[in-house]
Amino acid sequence: SSDACSTRAITAVADVVVSDGSKFQIETHFHTKDVSAIRHIGDSQQLIVAEGPTSWTQVGDKSDTGTEFHKLFALGHQFHAFVLHFEEIVSNVRRLDDVLFDDEARQATSGDYPYGGEVHLIHGADEMRPLGLLFEFPEDTVISVKFDDWRSVEKVSLPYHLKIDDGQRVFDYHYSEVKVTPQSPLWFFDAVPVPPIDNVQVYRLHRKLLAAHCLGDADMMADLSTPEILAASRGSLVQTTNEAIRERFKALFRSLNYAAYRDLAMPIIQISEDAKFGWIGVNVLADGSEIETGTSFSQQWAWVMLVKKIDDVWLHAGNASNHTD
């Protein structure tokens, strides 16, 4: 699951020297395992981003939809996130005693990589300072990452020097900046401006609406909606306005405190050929508590949200929803 309300923010900047003589700088941004980015800064700039069901790239001013490889690439460069949150990123976590790393059998915590293959966090003498990572991707691609120069960052220890061997070249990473300070759930959208790609914009609309619950921001809920909204729920079809939504959620946020809002499945997005209308189908889990009593709640929802583009901005235009009892 991927929590749109997470305040997790892991960012880093490194100077890179490659064994072939090339040099460049990278910036990485990690919010959740489904939302991450890497910016390559050399003779030109290239941005590679994974956002939910879509990946995208940007070179100069040109943006394009990416592939599964770009998701693999963007997440695979979040080395500090793997150190801190390995078991949240991978699935099928297991402990192995014989992972070959640097020509020696090592103990490792291992798991299935979200986009195929396996990844191993290699144990060292100090359990708080693993020796590195070993990625075993499909088509026999093996990449080793060795950690060094550990420093304290916000009361955790993180490596500032990495050596990455992809079997053809060795990349020497020296980090000048690593930050793990919690930020607003919306920080990634500020750090990585949205591209002119409709599917990405609709996904961000969905995630902003979820995050607005944890922020208790009724104005955001209204501002992200069209002037008139059609809602189907509990056997009724209701036409309402974004001003009514504002008042409804002001009342809701006075009674409920949302702690997390997670995508349980990857959202499904469809856009019309004229790129003026679309829909997104989601399966989510909301966790929180009642403000007056402190009683906790956990509610699973599924809905199809209708979206409409007005003045080049995608907005919530309607929905049909249901939830488990």
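Residues numbered from 1 in each chain as written. Predicted model: local features only at pLDDT ≥ 70, side-chain atom pairs only at ≥ 80, totals over all residues. Heavy atoms only, no water.

**What to know about the pattern of salt bridges**
Alright, step 1. Scanning the model with the defined rule gives 19 salt bridges in all.
Alright, step 2. Here K146 and D102 are joined by a salt bridge, their closest N and O atoms 3.1 Å apart. You can see K146 sitting in strand 12 (residues 141-153) and its partner D102 sitting in the loop between strand 8 (91-101) and strand 9 (104-112), a full 44 residues away along the chain.
Alright, step 3. Of the charged contacts, one joins E247 and K250 as a salt bridge, the two residues approaching to 3.8 Å between their closest N and O atoms. Separated by three residues within a single helix, E247 and K250 lie in helix 6 (residues 242-255), roughly one turn from each other.
Alright, step 4. Classification of E247 as partly exposed rests on a relative accessible area of 46%.
Alright, step 5. You can call K250 partly exposed: its relative accessible area is 33%.
Alright, step 6. When salt bridges with common partners are traced through the structure, they connect D219, D223, E243 and R246 into a single cluster. (Salt bridge = Lys/Arg side-chain N within 4 Å of Asp/Glu carboxyl O. Helix = DSSP H or I, 4+ residues; strand = E, 2+ residues; numbered from the N terminus. Buried < 20%, exposed > 50% of the residue type's maximum accessible area, 1.4 Å probe, protein only.)

**A look at the packing of aromatic side chains**
Alright, step 1. One pass over the structure, following the stated rule, counts 18 aromatic pairs.
Alright, step 2. Note on F82 and Y113: the rings are 6.3 Å apart at their centroids and 15° apart in plane angle, and the pair reads as stacked. Placement of F82 in helix 2 (residues 79-89) and of Y113 in the loop between strand 9 and strand 10 (118-122) is noted, with a sequence separation of 31 residues between them. Neither residue differs from the other here; F82 and Y113 are each classed as buried.
Alright, step 3. Aromatic pair Y113 and Y115: ring centres 6.0 Å apart, planes at 75°, arrangement edge-to-face. For the pair Y113 and Y115, a shared accessibility class is recorded, and that class is buried.
Alright, step 4. Pairwise contacts between aromatic rings join F249, F253, Y258, Y261, F297, W301 and W303 into one cluster. (Phe/Tyr/Trp six-rings, centres within 6.5 Å; stacked < 30°, edge-to-face > 60°.)

**Comments concerning the side chain of H31**
Alright, step 1. Relative to the elements of secondary structure, H31 occurs in strand 3 (residues 23-32).
Alright, step 2. On the basis of relative accessibility, which here comes to 4%, the residue H31 falls in the buried class.
Alright, step 3. Here the side chain of H31 touches S6 through a polar contact of 2.8 Å, landing on its backbone oxygen.
Alright, step 4. With sequence-adjacent residues up to four places away left out, H31 is seen in contact with D3, A4, S6, R8, P185, W187 and F188. (Polar contact = N/O pair within 3.5 Å; in protein donor to acceptor, adjacent residues only side chain to side chain. Contact = heavy atoms within 4.5 Å.)

By themselves these figures say nothing about function.
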